[in-house]
Amino acid sequence: MAVKGSYAGKICRIDLSNGRVEKEDLSPEFAVKYAGGRGFSSRILFDEIKKGVEPLSEDNKLIFSVGALTGTPVPAASRSTIAAKSPLSNLHGDGHGGGYFGIYLKQAGFDVLIVEGCAEKPVYISIINGKVEIKNAEHLWGKSISAAEEIIKNEICSQRVEIASIGPAGENLVKLATIMNGQAAYARCGLGTVMGFKKLKAVVVGGDMDIEIADADKLYAAMDEYKRVITEDAYCPPAAKYGTPRFMMHRVKFGIHGAKNWRYGGFGWEGLSHEVFREKHTLKATSCPNCLMMCRRDMFIKDGPFAGTFTKVEWETIARSMTCGLTKTEDVIRFAKKLNEYGMDVEGVGDTIAFAMECYEKGILTKSDTGGMELNFGDIDCILDLVDKINYRQGLGDVLAEGTLRASKHIGKDSIKYAMQVKGVEMTAGDPRGMPVRAVSYATSTRGSDHLRSNPYIEEMISPEEGLKWFGSEEAASLKGVKGKGRMLKFSEDLVTIGDLLGLCKFAFYRSATLNFLYQKGVKLATDFYNACMGTSLTEEGMLEAGERTFNIEKAFNVREGADRSLDIIPERFFTEPIIGGSSDGAIVEREKFEKILDEYYESRGWDKSGIPTHKKMTELGLGDIADELNLK
Amino acid sequence: MKRRWIKYNPDFNVIEKQCADCRICEMVCSLENTGKCNPAKSRIQIINFLPDKGVPEAYPVVCQQCAKPLCRDACPVDAVSLDDQLGIVVVDEEACIGCGDCVDACPFGGMSLDPHSGTAIKCTLCGGDPKCVRYCPSGVLRLVENKSFVIQKKQNAAVNSYKILKMKTEALSKLERRIESGC
């Protein structure tokens with residue numbers, strides 16, 4: 001039986017080792033149970049990557065999956081997922097990107113693309129209207145993202161194709177490499193490295209297949225309601241005005257810049273404010289597909305020696321620029337441009353460079369290690385030079401290309417203290433000190449340090465009454481509180497997972513000024529959209545459960561690899577060194593509270609004290625087969 | 001004769017008042033006109049190009065519902081006609097042979113060929129409530145009607161001309177007063 005609703009209905013499996021292409025039907029049961037995008041890729045990854053598979057081996061697979069609602073007019077539903085076992089964490093890994101890649105993959109005829117094996121020579125995959133070809137890419141090897149895209153577009157003779165490709169970083173097996181779709185990145189977990197190991201330069205997709213909508217009137221009604229909500233939700237208008245650079249105000253409010261390798265909460269941020277980016281560098285507001293928020297900003301340097309530099313800059317680029325001590329917008333744009341062209345994760349690279357700089361500051365690295373280079377925070381020439389060296393694995397760059405955790409093992413001498421990572425994946429977003437749920441959320445994320453696994457902002461915006469009603473304690477609303485925080489984190493993780501299943505953007509659906517708006521957009525409207533497109537009658541609880549199911553599959557993947565409570569931890573610095581300056585001056589993550597919240601979190605997830613899912617819980621979620629395989633109790 | 005069409009109405013001085021390239025117009029257009037989502041079948045198309053400085057630009061291209069449509073004149077089988085009631089140009093999909101002469105004749109790029117059937121497709125104004133206008137996030141797509149459009153243009157021109165003329169007159173009389181007072 002063919003699957004109903006807004007799916008293409010097919011899975012494509014390509015083995016690069018022998019060139020075999022297989023097309024399978026997407027089964028209706030699978031589609032309903034795992035609900036698209038990250039749900040599909042996480043389950044397939046669990047099923048097909050056996051325990052202990054080396055991430056950089058031909059047994060690892062790269063799984064592209066399209067959000068359930070991607071390719072429909074649902075606002076901001078453009079996202080797709082790429083998953084693989086991560087070479088940074090040796091655990092579950094995935095990355096998510098907006099842009100047209102997912103839409104075109106679906107219109108080319110596939111909801112999921114599984115790439116297996118390794119090619120002998122560089123190749124790229126072309127999928128146009130169901131026709132799959134593996135083509136030579138030797139002439140593209142070594143080319144930057146934009147240069148390779150241009151050559152491919154000329155070869156395919158069409159502008160209406162989308163390309164997911166790696167740059168030189170992925171080719172050189174830099175573990176901080178991303179897969180890029182134009183300027184949008186599937187950034188985390190070293191996915192570009194896996195693609196580079198497979199000698200796969202790019203995947204090109206294009207097509208004009210129809211995507212079905214079960215009930216167009218219901219869809220329009222939900223779209224009208226969404227339009228109304230984003231005019232009323234106070235979070236949205238500033239987001240639309242400034243794009244993600246507006247998060248600077250949030251970081252200033254809480255003093256959590258993570259500046260200079262996550263030490264300073266007070267930082268000379270004024271030169272990087274959202275106003276400066278808007279006035280000096282924004283030519284016009286742009287948007288990801290179908291998005292009514294228009295928060296994407298491509299930044300342009302108008303004058304001076306670097307005039308004409310143009311690239312997409314999102315908040316994390318600005319945040320990690322502060323981690324490297326940068327204070328000028330031009331420097332941020334130049335840094336972003338280089339990373340986007342090489343195909344590198346700004347979060348991973350930013351933290352890794354900051355790590356090297358702190359090691360140099362502390363005398364752990366000397367000029368003999370750096371090849372004579374002085375590694376000083378805020379020195380843009382040094383930073384760009386280091387990016388080059390990491391990209392081509394030259395000198396110190398060869399060590400840093402392994403990411404902070406492996407680099408610190410190589411360097412030794414206590415340098416692990418300055419490696420800001422969780423499970424081998426570098427830190428993201430804001431400083432967790434003084435923010436209890438945020439601190440634990442970085443530890444519990446299934447793909448290593450990550451704020452987008454949970455969007456840990458609820459504790460900042462709810463009232464004590466809401467805390468009591470939703471999370472069982474008024475304390476949940478206080479940044480000093482403990483009770484209710486674990487339940488809040490569990491809810492928050494399930495909530496935002498919905499976005500990754502359906503292909504909804506987290507900024508458009510999973511950030512709000514109030515919990516009511518957050519629930520309205522993230523659960524209620526998300527469910528309405530899903531039902532309108534698929535012709536189903538899923539409940540809001542069912543939607544949250546789908547999120548929970550996916551999260552548990554990823555947890556199970558990690559448990560099978562041996563992960564337990566000891567890995568659900570954040571860097572020691574946050575427990576022992578107070579934040580310096582800013583509005584949270586002196587704050588630390590209190591270890592006792594951290595552990596208590598983690599206990600409550602495991603309990604609300606139905607996991608045991610050591611963070612292992614129970615058989616009962618997994619069976620409730622319809623994952624009994626996984627529970628059996630792992631011999632869960 | 002009543003005519004209505006969709007106009008791209010940006011303000012290049014305001015960053016939010018330009019086509020943001022989100023293409024929700026293409027999605028809702030194809031859904032409304034074909035019952036399926038398929039940007040390739042959208043009657044309005046966002047075209048990207050690089051005007052200068054290497055910064056990509058996006059421009060919506062759609063039928064302007066001409067009073068003397070060149071697409072109609074070019075059609076060898078009379079499949080294109082004016083619908084006086086709706087005030088738009090319509091294609092008879094049964095009669096259309098898909099030769100593409102209408103595409104060639106239109107100076108606005110307003111005609112398309114359906115990628116599956118091969119016949120001509122064009123903006124229908126969704127029966128009077130164009131979905132592209134309804135969901136355009138930057139509000140730069142506008143449905144205009146010939147009479148009010150012309151009047152509005154004249155009104156704007158009148159206000160502008162009035163301002164300029166008044167400024168001129170005032171400046172002139174100031175000058176005259178200075179000459180009279182002899183300084």
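Everything numeric in this text was worked out from a predicted model, so none of it was measured.

Draft legend 1. Quick peek at the overall build of chain A. Within chain A, the regular secondary structure consists of 28 helices and 18 strands. In terms of C-alpha radius of gyration, chain A reaches 23 Å, essentially the compact-globule figure of 26 Å for 633 residues. Taken along the three principal axes of its C-alpha coordinates, chain A extends 65 × 60 × 50 Å. Buried residues in chain A amount to 67% of all 633 residues. Long-range contacts, defined as pairs at least 24 residues apart, comprise 68% of the intrachain contacts of chain A with a sequence gap of at least 6. Accessible surface for chain A amounts to roughly 19,800 Å². Of this, 51% is attributable to carbon and sulfur atoms.

Draft legend 2. The arrangement of the interface of chain B and chain A in detail. Across the contact, 34 residues belong to chain B and 38 residues belong to chain A. Carbon and sulfur atoms supply 57% of the area buried between chain B and chain A, which totals about 3,100 Å² over both sides. For the chain B face of the interface with chain A, the top three residues by lost area are Ile 15, Cys 37 and Tyr 135 of chain B, together amounting to 20%. A salt bridge links Glu 26 of chain B to Arg 160 of chain A; its shortest N-O distance comes to 3.3 Å. Across the chain B-chain A interface, the total number found is 22 residue pairs in polar contact (both at pLDDT 80 or more). Listed by contribution, the elements that provide at least two residues to the side of chain B that touches chain A are α1 (24-34), β2 (36-37), β4 (57-61) and α4 (131-135) of chain B. With 6 residues, α1 of chain B is the single largest residue contributor to the side of chain B that touches chain A. Among the residues forming the side of chain B that touches chain A, the class breakdown is 17 nonpolar, 6 polar and 11 charged.

Draft legend 3. Spotlight on the nonpolar core. Residue and element names in this part refer to chain A. Counting 162 residues, the largest nonpolar core has Phe 64, Leu 69, Leu 502, Phe 529 and Ile 570 as its most contacted members. In terms of residues, this core owes the most to one element, helix α23 (residues 515-534), which gives 12 residues. Counting residues in hydrophobic clusters, the runner-up holds 41 residues, among them Val 346, Leu 365, Phe 377 and Leu 384.

Draft legend 4. Representation of the pairing of strand β2 (residues 20-25) of chain A within the structure. All names here are of chain A. Pairing between strand β1 (residues 10-15) and β2: 6 bridges, direction antiparallel. Its bridge partner being in β2, Arg 13 is matched across the sheet by Glu 22. Following β1, the chain reverses through 4 residues before pairing antiparallel with β2; Gly 19 in that reversal takes a positive phi of roughly 75°.

Draft legend 5. Spatial organisation of the packing of aromatic side chains. Residues and elements named next belong to chain A. Using the criterion set out here, one finds 25 aromatic pairs over all chains in the structure. Between the aromatic rings of Phe 30 and Tyr 34, the centroid separation amounts to 5.0 Å while the plane-to-plane angle is 55°, which identifies the pairing as tilted. Here the residue Phe 30 and the residue Tyr 34 both occupy positions in helix α1 (residues 28-34), the gap between them amounting to 4 residues, near one helical turn. Comparing Phe 30 with Tyr 34 shows no difference in burial state: the two are buried. Plain terms: the ring middles of Phe 575 and Phe 594 are 5.2 Å apart, the flat faces sit at 90° to each other, and that makes the pair edge-to-face. Of this pair, Phe 575 sits in helix α25 (residues 573-576) while Phe 594 sits in helix α26 (residues 591-605), and the two are 19 residues apart along the sequence. Considered together, Phe 575 and Phe 594 belong to a single accessibility category, that of buried residues.

Draft legend 6. Looking closely at unusual backbone geometry. Of note, Ala 35 of chain A is a non-glycine position whose phi angle comes to about 60°, a positive value. Positionally, Ala 35 of chain A belongs in the loop between α1 and α2 (37-48). For Ala 35 of chain A, a relative accessible area of 3% puts it in the buried group. With phi around 65°, Arg 23 of chain B is a residue other than glycine that occupies positive phi space. On the accessibility criterion, Arg 23 of chain B (11% relative accessible area) is buried.

Draft legend 7. Quick look at α2 of chain A. Residues and elements named next belong to chain A. With 12 residues, α2 extends 17 Å from end C-alpha to end C-alpha; this agrees with the ideal 16 Å at 1.5 Å per step. For α2, a buried count of 10 out of 12 residues is recorded, marking the element as mostly surrounded by other parts of the structure. Every buried residue of α2 is listed here: Gly 37, Arg 38, Gly 39, Phe 40, Ser 41, Ser 42, Arg 43, Ile 44, Leu 45 and Phe 46.

Draft legend 8. Structural detail: the sheet that holds strand β3 (residues 62-66) of chain A. Residue and element names in this part refer to chain A. Across the sheet, 6 strands lie side by side as β2-β1-β6-β3-β4-β5; this open sheet has mixed pairing. Of all the strands in the sheet, just β2 and β5 (92-97) have a single pairing partner and so form its edges. Neighbour to neighbour, the strand axes of the sheet diverge by 15° on average, direction disregarded. Taken together, the 4 bridges between β3 and strand β6 (residues 112-116) define a ladder with antiparallel strand orientation. Across the sheet, residue Leu 62 finds its bridge partner in β6, namely Val 115. Relative to the sheet, α2 contacts β1, β3, β4 (80-85), β5 and β6, its axis offset from that of β3 by approximately 155°.

Draft legend 9. A look at the pattern of salt bridges. Residue and element names in this part refer to chain A. On inspection of all chains with the given rule, the structure shows 75 salt bridges over all chains. We note a salt bridge from Lys 61 to Glu 48, for which the minimum N-O separation is 2.7 Å. Of the two residues, Lys 61 sits in the loop between α2 and β3 while Glu 48 sits in helix α2, which places them 13 residues apart along the sequence. Note that Glu 572 and Arg 591 form a salt bridge whose closest N and O atoms lie 2.7 Å from each other.

Draft legend 10. Region of the structure containing a nonpolar patch on the surface. Residues and elements named next belong to chain B. On the surface, a cluster of nonpolar side chains totalling about 270 Å² of accessible area is made up of Ile 47, Phe 49 and Tyr 59. Within the secondary structure, Ile 47 is located in strand β3 (residues 45-49). Residue Ile 47 is classed as partly exposed on the basis of its relative accessible area of 39%.

Draft legend 11. Expanded view of the sheet that holds strand β16 (residues 310-312) of chain A. All names here are of chain A. The strand order β14-β15-β16 describes an open sheet built from 3 strands, whose pairing is antiparallel. This sheet does not close on itself; its edge strands, each paired only once, are β14 (282-286) and β16. Looking at each pair of strands side by side, their axes are set apart by 20° on average, direction ignored. When strand β15 (residues 296-300) meets β16, the two strands line up antiparallel, connected through 3 bridges. Directly across from Phe 300, in β16, lies its bridge partner Phe 310.

Draft legend 12. The packing of helix α21 (residues 485-502) of chain A against α23 of chain A, seen in detail. Residue and element names in this part refer to chain A. Where α21 meets α23, the closest approach of the two axes is 11 Å, and the angle between their N-to-C directions is 40°. Taken as axis vectors, α21 and α23 run oblique relative to one another. Here α21 and α23 pass one another in a crossing that is left-handed. Here Phe 491, Leu 495, Ile 498 and Leu 502 of α21 lie close against α23, whose contacting residues are Leu 515, Leu 518, Tyr 519, Gly 522, Val 523, Ala 526 and Tyr 530. Here the contact of α21 with α23 is built from residues that sort into 10 nonpolar, 1 polar and no charged.

Draft legend 13. The packing of helix α13 (residues 329-342) of chain A against helix α16 (residues 380-391) of chain A, seen in detail. All names here are of chain A. Where α13 meets α16, the closest approach of the two axes is 10 Å, and the angle between their N-to-C directions is 5°. Judged on the interaxial angle alone, α16 and α13 are roughly parallel. Within the contact between the two elements, α13 uses Asp 331, Arg 334, Phe 335, Lys 338, Leu 339 and Tyr 342 and α16 uses Ile 380, Asp 381, Ile 383, Leu 384, Val 387, Asp 388 and Asn 391. When the residues that make up the contact of α13 with α16 are grouped by side-chain class, the tally is 7 nonpolar, 1 polar and 5 charged.

What counts, and at which threshold
Residues numbered from 1 in each chain as written. Chains lettered and ligands numbered in written order. Predicted model: local features only at pLDDT ≥ 70, side-chain atom pairs only at ≥ 80, totals over all residues. Heavy atoms only, no water. Helix = DSSP H or I, 4+ residues; strand = E, 2+ residues; numbered from the N terminus. Rg over C-alpha atoms; globule rule 2.2 N^0.38 Å. Buried < 20%, exposed > 50% of the residue type's maximum accessible area, 1.4 Å probe, protein only. Contact = heavy atoms within 4.5 Å. Areas by Shrake-Rupley, 256 points an atom, 1.4 Å probe, with all protein chains shown as cover. Buried area = accessible area lost by both parts, 1.4 Å probe. Salt bridge = Lys/Arg side-chain N within 4 Å of Asp/Glu carboxyl O. Polar contact = N/O pair within 3.5 Å; in protein donor to acceptor, adjacent residues only side chain to side chain. Nonpolar A, V, L, I, M, F, W, Y, C, P; charged D, E, K, R; others polar. Core = buried A, V, L, I, M, F, W, Y, C linked by side-chain atoms within 4.5 Å. Pairing = 2+ DSSP bridges. Phe/Tyr/Trp six-rings, centres within 6.5 Å; stacked < 30°, edge-to-face > 60°. Expected span 1.5 Å × (residues − 1). Axes fitted to C-alpha atoms, helices over the stretch in contact; angles between N-to-C directions. Patch = residues over 30% accessible without salt bridge, like charges linked within 9 Å, V, L, I, M, F, W, Y side chains within 5 Å. Parallel < 35°, antiparallel > 145°, perpendicular 65-115°, else oblique. Left-handed = near helix turned anticlockwise from the far one by under 90°.

Everything listed here is a matter of coordinates, which is why it stays silent on function.
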